[in-house]
Protein chains: 2
Amino acid sequence: MAAGTRELTVDLGERSYPIIIGTGLIAQTGKYFLDRGFPIKSPILLITDSSVVDLYAEKVEESLAAAGYSVTTAVVPSGESSKSLEMLDELVGAALQAGLDRKSTVIALGGGVVGDLAGFVAASYMRGVRFVQMPTTILAHDSSVGGKVAVNHRLAKNIIGAFHQPEFVLYDLDTLASLPMREVRAGLSEVIKHGLIWNEEFVKWCDTNASALLALEPEALGYALYEGCKVKSIVVSRDERENDLRAILNLGHTIGHALEAVGGYGELLHGEAIAIGMVGSARLAAKFGYSPDIAVETERIFRKFGLPVRIPSSLSTDEIMSAMLHDKKFSEGKMVFVVPTAIGSVEIRNDVPSAWVTEIVDGLREGDEQP
Amino acid sequence: MAAGTRELTVDLGERSYPIIIGTGLIAQTGKYFLDRGFPIKSPILLITDSSVVDLYAEKVEESLAAAGYSVTTAVVPSGESSKSLEMLDELVGAALQAGLDRKSTVIALGGGVVGDLAGFVAASYMRGVRFVQMPTTILAHDSSVGGKVAVNHRLAKNIIGAFHQPEFVLYDLDTLASLPMREVRAGLSEVIKHGLIWNEEFVKWCDTNASALLALEPEALGYALYEGCKVKSIVVSRDERENDLRAILNLGHTIGHALEAVGGYGELLHGEAIAIGMVGSARLAAKFGYSPDIAVETERIFRKFGLPVRIPSSLSTDEIMSAMLHDKKFSEGKMVFVVPTAIGSVEIRNDVPSAWVTEIVDGLREGDEQP
Ligand SMILES: NC(=O)c1ccc[n+]([C@@H]2O[C@H](COP(=O)([O-])OP(=O)(O)OC[C@H]3O[C@@H](n4cnc5c(N)ncnc54)[C@H](O)[C@@H]3O)[C@@H](O)[C@H]2O)c1
Ligand SMILES: NC(=O)c1ccc[n+]([C@@H]2O[C@H](COP(=O)([O-])OP(=O)(O)OC[C@H]3O[C@@H](n4cnc5c(N)ncnc54)[C@H](O)[C@@H]3O)[C@@H](O)[C@H]2O)c1
Ligand SMILES: [Zn+2]
Ligand SMILES: [Zn+2]
């Protein structure tokens, strides 16, 4: 179960940080803290969720304690609903009770939910303390890199947040072994997305190595997460605050978010919804005159990974279209979309007729097997 | 009632911004927005409190509307308890309903409570939108400059927040006319503090012009707020994130915060509590061998402004000392204090024996008239 440790840097000037990917890393948490000069005197708050706590929290605590740190663990319920201001309030209470000071660190041990929530705690507690990401899902290769942290509001997802970069990302592949298979596939959807927007070679590699990835073979997985994080970190380095380039990371997300919203977050996992969305964007590409092979190829690869490529019949086109309207990506009958121009590259179009989108959503129905 | 408009710049590289101080400014809000290129298409959220809304909100709305902006006003209850996550939740809801986008602006129209709360809304809505401060209290000359924004937690004040600098501060002296006299005095306490830490000349000027200031004479007030903001902005420019120098702004605040906490926020206004605290710090200076005249002079000037210089008998020394302990400024029987070395300059000491502090708190009792 061992794989070489890979490391890459998110290049953000004085806010640069390393992403460390490998096996057996959790047991070395304390060493990483010491090596980076995290102060022994300042207490650490470890935030995790109810599914992850029993699996991995103790190992993290033990490693930090052995290195001389004092750690308090706070557990939130597993699931998206923990990304709330109520939970922020509770966690700040926990931080105060644990005596966290301005030199303290908040660790996120979990998937994207824990990462986004703990990150916002770290961003706002005492106006910002150190933050460390320890992702335990495949999807979190995406969420743990780039510094976007947030909680949800009743009326909108991720609307209350900050840009708060971690000090480092410690990604222990061993933790992925306990992931439900559906979460594995959904996470790989974002990995493939990183290939689709930036790196054709890597898409081919994913295609060739699909079975090793689905079997969580550490060497393949380590490489794939490394490449996925690399694309994300290059994009983030060039546009930390999403002024322009960073928007390409949203390939498949316009339709994907609408599917999640209409399905009520639960029908489809995020990675599943964006797989369908990426097929939709690829079909849009054909409308703009790019090769129809992009859509065929995109669909084939997602099918190979056991990901959905059709919209469930329970979700109506009208509802999906109005969710997109609500998402504010419309303007005067035109929509903004990330559209592939080939496998491995995309462009941002703000001139997508909403009629085309309706047509494509209609066409992406189960049972409809020709692209 | 007219006074020349004064302007100074808070120098923070690409986050630099102007503070504009004068009369009749509210009616020009729209012009300031246009001049600075704030986008007409993006809705504005004006946040104010229940005491200020009827006095000044309409004028701001009208000025912005005349310039072509769409404005929605959100009103929070007057008072410290509005600095809460619940209110953040409500205001984010208001922002969403008003359709605020990433290029929108949040305006704070009010005292420090509205400024801190609205600032945190601006810092966290969509991970940060534009923010404009329109202070309407004297104390807010302090809170509106420097970018510290926050809400309170049940267990601690200002513990959930961000550094989020405004685009500009528009300080209309006319709004101060409606302030209760007690708020005027308390606000002037922070103005004088800025002199005490940085500028002996300005302390003398305040002393000479006490009656003009208390009468809210616009020319004197404009000058005093300009000088107060100047000291704050110089300090903030050199240490935006309170790594070292910015701590000098806490002169009088160690004792002051403890008095507020023990009194239960209400017994003493913030500016009153720190006036007493500044007398305490000046007495501490004598213990360190600095001239005892500093304390005599400090006390005299605060008396002249009608500010309290003695601890109310309802607050016990034990409680005050343990509030300071809770405030984490102790370490091994020693405390951190900002101590004046002369009128107009201070140093930060981390070697203050807590016994000295107890002695000084004991000595600062009503009825005890010798320094
Ligand atoms: N900040 C960003 O840039 C960014 C990017 C993408 C997604 N996100 C956010 O990420 C979230 C989704 O992340 P996610 O898919 O990781 O969700 P998640 O955190 O909810 O994890 C998915 C499920 O797996 C469980 N789990 C986590 N690790 C496990 C493990 N090792 N073994 C067994 N079970 C485990 C969790 O308890 C949860 O039930 C969303 O809230 C999304 O908004 C953020
Ligand atoms: N961010 C910072 O750097 C900083 C610095 C100092 C203080 N503060 C914060 O500022 C707050 C105190 O500020 P404050 O003293 O302005 O309190 P405040 O905002 O509560 O205002 C004091 C009272 O005056 C009323 N009021 C405001 N403007 C008025 C006007 N023009 N006419 C009549 N009434 C008016 C308010 O409704 C309130 O009742 C505290 O929460 C403190 O933590 C922040
Ligand atoms: Zn995504
Ligand atoms: Zn103060």
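Everything numeric in this text was worked out from a predicted model, so none of it was measured. (Residues numbered from 1 in each chain as written. Chains lettered and ligands numbered in written order. Predicted model: local features only at pLDDT ≥ 70, side-chain atom pairs only at ≥ 80, totals over all residues. Heavy atoms only, no water.)

**Quick notes on the overall build of chain A**
What counts is decided by this rule: Put simply, DSSP H or I for four residues or longer makes a helix, DSSP E for two residues or longer makes a strand, and each gets a number counted from the N terminus. Atoms counted for the radius of gyration: C-alpha only. Globule rule: 2.2 Å times residue count to the power 0.38. Categorising residues by exposure relies on relative accessible area from a 1.4 Å probe, with only protein chains included: less than 20% of the type maximum marks a residue as buried, more than 50% marks it as exposed, and the intermediate range marks it as partly exposed. Any pair of residues with heavy atoms lying within 4.5 Å of one another is described as a contacting pair. Throughout, the Shrake-Rupley method with a 1.4 Å probe supplies accessible areas, and for residues the shown protein chains are the sole cover considered. Within this scheme the basic residues Lys and Arg register as positive and the acidic residues Asp and Glu register as negative, but His and the chain ends are omitted. The atom standing in for a charge is NZ when the residue is Lys, CZ when it is Arg, CG when it is Asp and CD when it is Glu.
When you go through chain A residue by residue, the secondary structure sums to 14 helices and 12 strands. For 371 residues, the compact-globule estimate of 2.2 N^0.38 gives 21 Å, and chain A sits close to it at 20 Å. If one aligns the C-alpha atoms of chain A with their principal axes, the spans along those axes are about 60 × 40 × 35 Å. Across the 371 residues that make up chain A, the buried fraction comes to 59%. When contacts within chain A are restricted to residue pairs at least 6 apart in sequence, those whose partners lie at least 24 apart make up 75%. When the accessible area of chain A is evaluated, it comes to approximately 13,700 Å², of which 50% is carbon and sulfur surface. For chain A, the separation between the mean place of its 34 positive charges and that of its 48 negative charges on side chains is 4 Å.

**Regarding the coordination of the zinc ion (ligand 4)**
Residue and element names in this part refer to chain B. Operational definition: Nitrogen, oxygen and sulfur within 2.8 Å of a metal are treated as its donors, or within 3.2 Å for sodium, potassium and calcium (Na, K, Ca); water is not counted, so a site can appear incomplete.
Within the protein, the atoms that donate to the zinc ion (ligand 4) are Glu190 (OE), His253 (NE2) and His270 (NE2), at distances of 1.9 to 2.1 Å. The motif formed by the donor residues of the zinc ion (ligand 4), counted along the single chain, is E-x62-H-x16-H. Of this pair, Glu190 sits in helix H6 (residues 181-198) while His270 sits in helix H11 (residues 270-287), and the two are 80 residues apart along the sequence.

**Thoughts on the interface of chain A and chain B**
Note the cut-off: Basic side-chain nitrogens of Lys or Arg form a salt bridge, by our definition, when they fall within 4 Å of a carboxyl oxygen of Asp or Glu. N or O atoms closer than or at 3.5 Å make up a polar contact, with two conditions inside protein: a donor-capable atom paired with an acceptor-capable one, and, for residues adjacent in sequence, both atoms drawn from side chains. Under the grouping applied here, Gly and all other residues not named as nonpolar or charged are polar, the nonpolar ones being Ala, Val, Leu, Ile, Met, Phe, Trp, Tyr, Cys and Pro and the charged ones Asp, Glu, Lys and Arg.
Contacts between the two partners involve 28 residues from chain A and, on the opposite side, 29 residues from chain B. Where chain A touches chain B, the interface holds zero salt bridges. Counting the contacts that link chain A with chain B gives 14 residue pairs in polar contact (both at pLDDT 80 or more). Listing elements by their share of the side of chain A that touches chain B, those giving two or more residues are helix H3 (85-97), helix H4 (112-124), strand S7 (148-153) and strand S8 (156-163) of chain A. A class-by-class count of the residues in the side of chain A that touches chain B yields 16 nonpolar, six polar and six charged.

**Considering the coordination of the zinc ion (ligand 3)**
Residue and element names in this part refer to chain A. Around the zinc ion (ligand 3), the donor atoms from the protein are Glu190 (OE), His253 (NE2) and His270 (NE2), and they sit 1.9 to 2.1 Å away. Mapped onto the sequence, the residues coordinating the zinc ion (ligand 3) show the spacing E-x62-H-x16-H. You can see Glu190 sitting in helix H6 (residues 181-198) and its partner His253 sitting in helix H10 (residues 253-263), a full 63 residues away along the chain. Considered together, Glu190 and His253 belong to a single accessibility category, that of buried residues.

**Comments concerning the domain arrangement of chain A**
Residues and elements named next belong to chain A. Cut-off, in case you're wondering: Bear in mind that the domain bounds are from an automatic or database domain assignment. By buried area we mean how much accessible surface two parts lose on assembly, using a 1.4 Å probe and totalling the loss over both.
According to the domain assignment, chain A consists of domain 1 (6-178) and domain 2 (181-363). If you average the C-alpha positions of domain 1 and of domain 2, the two centres end up 27 Å apart. The interface is formed by 26 residues belonging to domain 1 together with 31 residues belonging to domain 2. Summed over both sides, the interface between domain 1 and domain 2 buries roughly 2,500 Å², with carbon and sulfur atoms accounting for 66% of that surface. Counting the surface domain 1 buries against domain 2, the share from its top three residues, Arg6, Ile138 and His141, is 27%. For the pair domain 1 and domain 2, the number of links is five salt bridges. On the surface where domain 1 and domain 2 come into contact, there are nine residue pairs in polar contact (both at pLDDT 80 or more). For the side of domain 1 that touches domain 2, the secondary structure elements donating two or more residues are strand S1 (6-10), strand S2 (17-22), helix H5 (140-143) and S8. In terms of residue class, the side of domain 1 that touches domain 2 is built from 14 nonpolar, five polar and seven charged.

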